[in-house]
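# Coordinates in review
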Amino acid sequence: MRKFRIGIDVGATNTKIGLFDREMNLLDAASTLTDQEADLPMLMDFIEALVRRMLKRNDISIDHLLGVGTAFPSYIDYKAGIVVETGNIIALTNAPVRDLLQERLGVRIVLDNDANLAALAEHRLGAGIGQDNMIYAALATGIGGGLILNGRLYRGVHGMAGEIGHMFISDSTGYPCPCGVTGCVQSIASGAYMAQYATDRIKEGEDSSILNYAGTLAGVDMEAVGKALRGGDPLALEVVSRGAEYLGRMFHSLNQIFDIDYFVYGGGVAKLGSPFIDRVVAAYRRYSINDARHPAQFVPAKFGNQAGMYGAALLITDEA
């Protein structure tokens, strides 16, 4: 009997679902908006409906499923199958998601943090193949991460390992972060807060073509900053250089703590490309005391915004 697996990445904005065969070939995929305001039963019904719809359109019986893996932008109690806390989806706090979905679908359910699963996907199938130790960094609206130590995904004592975006790196700059800290790297160098910095500088009177691309101050985002950067805009260069500086410090600290020099990066902000990434790497090399002897590698992720979906499917049979 041919067997299949499903991976689902429940994001704050979009939910992605992929149907894979046993060998992790992607057979079908779909994406839909996530209802952030849904209560827990509605959210579980939503995920169940996605699975059943995917199976139906591919003429596959649920009996042919190895299981369903799910990724959430959350703190996860992996062993208990509980979503402990999620910032942007109200219902996902102390939610026994594994048991609720198993009751609905009758198949094996596994779940983990989205950045952990992106790290797993890149390590097993993508940019980290062959690396026993690597750090995955998601440079997006927020900053997340996943740690591969000695060939295995490291979750920590409470399932909260890899939250690299909340490393405290400055007591003099940054915005208040939902983590409670002003001065963590996310509060300075994430897409949301780099865009906020650009907005504030424009409000202060800085002339910039960023506003031409954004249309309004409320529309300023890193896509607009990137377009202005390609046109040589001074404020866009300041925004990107400032963010890159603090990300370089973050990677330096990670290297000092773990003695890992293989970094895989993904996320929407990484799409700024070499004008941004080259500055991140330059900042890292400027601070690193190990780089001359053991030069770090910074490698773009293979799976892009599908990494969490791939990792979720992998988790069904991968005892990471």
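Reference entry: report on the structure contained in this document.

So, about the environment of Leu-254. Here Leu-254 shows up in helix H8 (residues 234-258). Between the C-alpha atoms of Leu-254 and Ile-164, which are 90 residues apart in sequence, the distance is 8.3 Å. Not counting chain neighbours up to four residues away, the residues in contact with Leu-254 comprise Ile-135, Ile-164, Met-167, Asp-259 and Phe-263.

This next bit is on the sheet that holds strand E7 (residues 109-113). The five strands lie next to each other as E3-E2-E1-E4-E7, forming an open sheet whose pairing is mixed. Each end of this open sheet is capped by a strand with a single partner; those strands are strand E3 (26-33) and E7. Looking at each pair of strands side by side, their axes are set apart by 15° on average, direction ignored. When strand E2 (residues 14-21) meets E3, the two strands line up antiparallel, connected through seven bridges.

What follows covers the pattern of salt bridges. Applying the stated criterion to the full structure yields 14 salt bridges. Its salt-bridge partner being Asp-45, residue Arg-104 comes within 3.2 Å of it at the nearest N-O pair. Of this pair, Arg-104 sits in helix H2 (residues 97-105) while Asp-45 sits in helix H1 (residues 40-57), placing them 59 residues apart in sequence. For the salt bridge of Arg-249 with Glu-245, the shortest nitrogen-to-oxygen distance reads 3.0 Å. You can see Arg-249 and its partner Glu-245 sitting in helix H8, four residues apart, about one turn around the helix. For Glu-245, a relative accessible area of 16% corresponds to the buried category. Salt bridges linked by common partners bring Asp-45, Glu-48, Arg-52 and Arg-104 together as one network.

What follows concerns the sheet that holds strand E9 (residues 143-149). Spatially, E10-E9-E8-E11-E12 is the arrangement adopted by the five strands of the open sheet, whose pairing is mixed. In this open sheet, the two edge strands, each paired with only one partner strand, are strand E10 (152-154) and strand E12 (297-300). Between one strand and the next, the sheet's axes are offset by a mean angle of 30°, whatever the strand orientation. Note: strand E8 (residues 134-139) against strand E11 (residues 262-266), four bridges, orientation parallel.

For the pair helix H7 (residues 222-230) and H8, interaxial distance at closest approach is 8 Å and the crossing angle is 115°. Between H7 and H8 lies a crossing whose hand is left-handed. In this structure, H7 uses Val-225, Ala-228 and Leu-229 to contact H8, whose residues at the interface are Ala-236, Leu-237, Val-239 and Val-240. Partitioning the contact of H7 with H8 into residue classes produces seven nonpolar, no polar and no charged.

Turning to the side chain of Thr-199, a few remarks are in order. Position of Thr-199 among the secondary structure elements: in helix H5 (residues 191-203). Owing to a relative accessible area of 8%, Thr-199 belongs among the buried residues under this scheme. Within the structure, Thr-199 has its side chain in polar contact with the backbone oxygen of Ala-195 (distance 2.9 Å). With residues up to four places along the chain from it excluded, the contact list for Thr-199 reads Leu-217 and Val-220.

Taking 1.5 Å of rise per residue, 13 residues should cover 18 Å, and H5 covers 18 Å from first to last C-alpha, within 8% of that figure. Listed in full, the buried residues belonging to H5 are Gly-191, Tyr-193, Met-194, Ala-195, Tyr-197, Ala-198, Thr-199, Arg-201 and Ile-202. Backbone geometry just after H5 places Gly-205 at a positive phi near 115°.

As a further point, take the nonpolar core. The tendency in soluble globular proteins is for nonpolar side chains to be buried as a group. Formed by 50 residues in total, the largest nonpolar core has its most connected members in Ile-210, Leu-247, Met-250, Phe-251 and Phe-276. When residues of this core are assigned to their parent elements, the largest contribution, ten residues, is made by H8. Apart from the residues within four sequence positions on either side, Ile-210 is in contact with Ala-198, Ile-202, Val-220, Ala-224, Val-225, Ala-228, Asp-233, Leu-235 and Ala-236.

Take Leu-149: it is sitting in strand E9. As a C-alpha pair, Leu-149 and Asn-133 span 16 residues in sequence and 4.8 Å in three-dimensional space. Discounting residues that sit within four places of it in the chain, Leu-149 has contacts with Asp-132, Asn-133, Tyr-154, Phe-258 and Ile-260.

In this section: unusual backbone geometry. The residue Met-24 is not glycine, and still its phi comes out positive at about 70°. Even without being glycine, Asp-59 reaches a positive phi, approximately 55°. Looking at the element boundaries, Asp-59 is found in the loop between H1 and strand E4 (65-72). Under the relative-accessibility criterion, Asp-59 is labelled exposed at 73%.

What follows covers the packing of aromatic side chains. Following the criterion strictly, the structure yields eight aromatic pairs and no others. For the pair Phe-263 and Tyr-284, a centre-to-centre distance of 5.9 Å together with 70° between the ring planes defines the contact as edge-to-face. Of this pair, Phe-263 sits in strand E11 while Tyr-284 sits in helix H9 (residues 274-287), and the two are 21 residues apart along the sequence. Among the aromatic side chains, those forming a connected cluster through ring pairs are Phe-251, Phe-263, Tyr-284 and Phe-298. Over the ring of Tyr-78 we find Arg-155; its NZ or CZ atom is 3.6 Å from the centre of that ring. The ring of Tyr-197 is capped by Arg-242, whose NZ or CZ atom sits 4.0 Å from the centre of that ring.

Calculation criteria
Residue numbers here run from 1 along each chain, matching the order of that chain's written sequence. With the structure being a predicted model, the display of local features is reserved for residues of pLDDT at least 70 and the display and counting of side-chain atom pairs for 80 or more, all residues being used for whole-chain, interface and lining totals. Remark: hydrogens and water are excluded; side-chain values derive from all non-hydrogen atoms of the structure. By the criteria applied, helices consist of DSSP H or I runs no shorter than four residues and strands consist of E runs no shorter than two, each listed in order from the N terminus. Between two residues, a contact is recorded if the distance between any of their heavy atoms is within 4.5 Å. Only when DSSP finds a minimum of two bridges between them are two strands counted as paired. Axis definition: a line fitted to C-alpha atoms, limited for helices to the stretch in contact. Angles are taken between N-to-C directions and run from 0 to 180 degrees. Any carboxyl oxygen of Asp or Glu within 4 Å of a side-chain nitrogen of Lys or Arg constitutes a salt bridge here. Burial classes: relative accessible area under 20% of the type maximum marks a residue as buried, over 50% as exposed, and values in between as partly exposed (1.4 Å probe, protein chains only). Each crossing gets its handedness from the near helix: less than a right angle anticlockwise from the far helix is left-handed, clockwise is right-handed. Note on residue categories: nonpolar means Ala, Val, Leu, Ile, Met, Phe, Trp, Tyr, Cys or Pro, charged means Asp, Glu, Lys or Arg, and polar means any other residue, Gly included. In the analysis that follows, any N or O atom pair within 3.5 Å is treated as a polar contact, provided that within protein one partner can donate a hydrogen and the other can accept it, and provided that, for residues neighboring in sequence, both atoms belong to side chains. Multiplying one less than the number of residues by 1.5 Å gives the expected span of a helix. In this description, a nonpolar core means a group of buried Ala, Val, Leu, Ile, Met, Phe, Trp, Tyr and Cys residues linked to one another through side-chain atoms lying within 4.5 Å. Planes of paired rings set the category: under 30 degrees apart is stacked, over 60 is edge-to-face and the rest tilted, where pairs are Phe, Tyr or Trp rings (Trp by its six-membered ring) whose centres lie within 6.5 Å. As a reminder, the over-ring test applies to NZ of lysine and CZ of arginine, requiring each to be within 6 Å of the ring centre and within 35 degrees of the ring normal.

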